[in-house]
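Chain residues, written in single-letter form:
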Amino acid sequence: MTLGEMLPARDDDPATQACRRVDWNELVKQLDLKTKAVLLCLATCEELTSLVKRFRKSRSTIQNVKERLAKVVKELMGEDILRQVQERPRWHNDMHVTREKLACRWERSTT
């Protein structure tokens, strides 16, 4: 590993993180208690079945709440938001391309 690979942070830059928090804060204000609990479970990778006892609702009811949450998220943040939050930041792509170029050059120079 080179010094250049260790220096860049693997997370989003602070501006991107701040924008995401602002967007999520607006969304969370609109949610009821059950929907907030579903969102928290999804964010923490907790099983949604843990909410069945807590709210005394069936699994299908919790699933319906999850589907309504997805609709609200898409309405507020756009249809492609779920894809966007899973993408790597663009600067990561630039870093990987540069690293691959250097590896190819090194490989060519050693053969």
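Computed from a predicted structure; not experimentally measured.

**Details of helix α3 (residues 33-43)**
Buried within α3 we find T35, A37, V38, L39 and C41. C45 sits one or two residues past α3 and shows a positive phi near 60°.

**Some points on the pattern of salt bridges**
Evaluated as defined, the whole model comprises 1 salt bridge. Ionic pairing is found between K29 and E26, a salt bridge with its closest N-O pair at 3.5 Å. With a gap of 3 residues between them, K29 and E26 both fall in helix α2 (residues 14-29), about one helical turn apart.

**A short note on helix α5 (residues 59-77)**
Taking 1.5 Å of rise per residue, 19 residues should cover 27 Å, and α5 covers 27 Å from first to last C-alpha, within 8% of that figure. Where α5 is concerned, the buried positions are I62, V65, L69, V73 and M77. Along α5, the residues classed as buried sweep out an arc of 80° about the axis, all on the same side. Exposed side chains of α5 directed beyond 90 degrees from the buried face belong to K71 and E75.

What counts and how
Residues numbered from 1 in each chain as written. Predicted model: local features only at pLDDT ≥ 70, side-chain atom pairs only at ≥ 80, totals over all residues. Heavy atoms only, no water. Buried < 20%, exposed > 50% of the residue type's maximum accessible area, 1.4 Å probe, protein only. Helix = DSSP H or I, 4+ residues; strand = E, 2+ residues; numbered from the N terminus. Salt bridge = Lys/Arg side-chain N within 4 Å of Asp/Glu carboxyl O. Expected span 1.5 Å × (residues − 1). Arc of directions from axis to C-beta.

In short, the description is geometric, and any link to function would need to be established separately.
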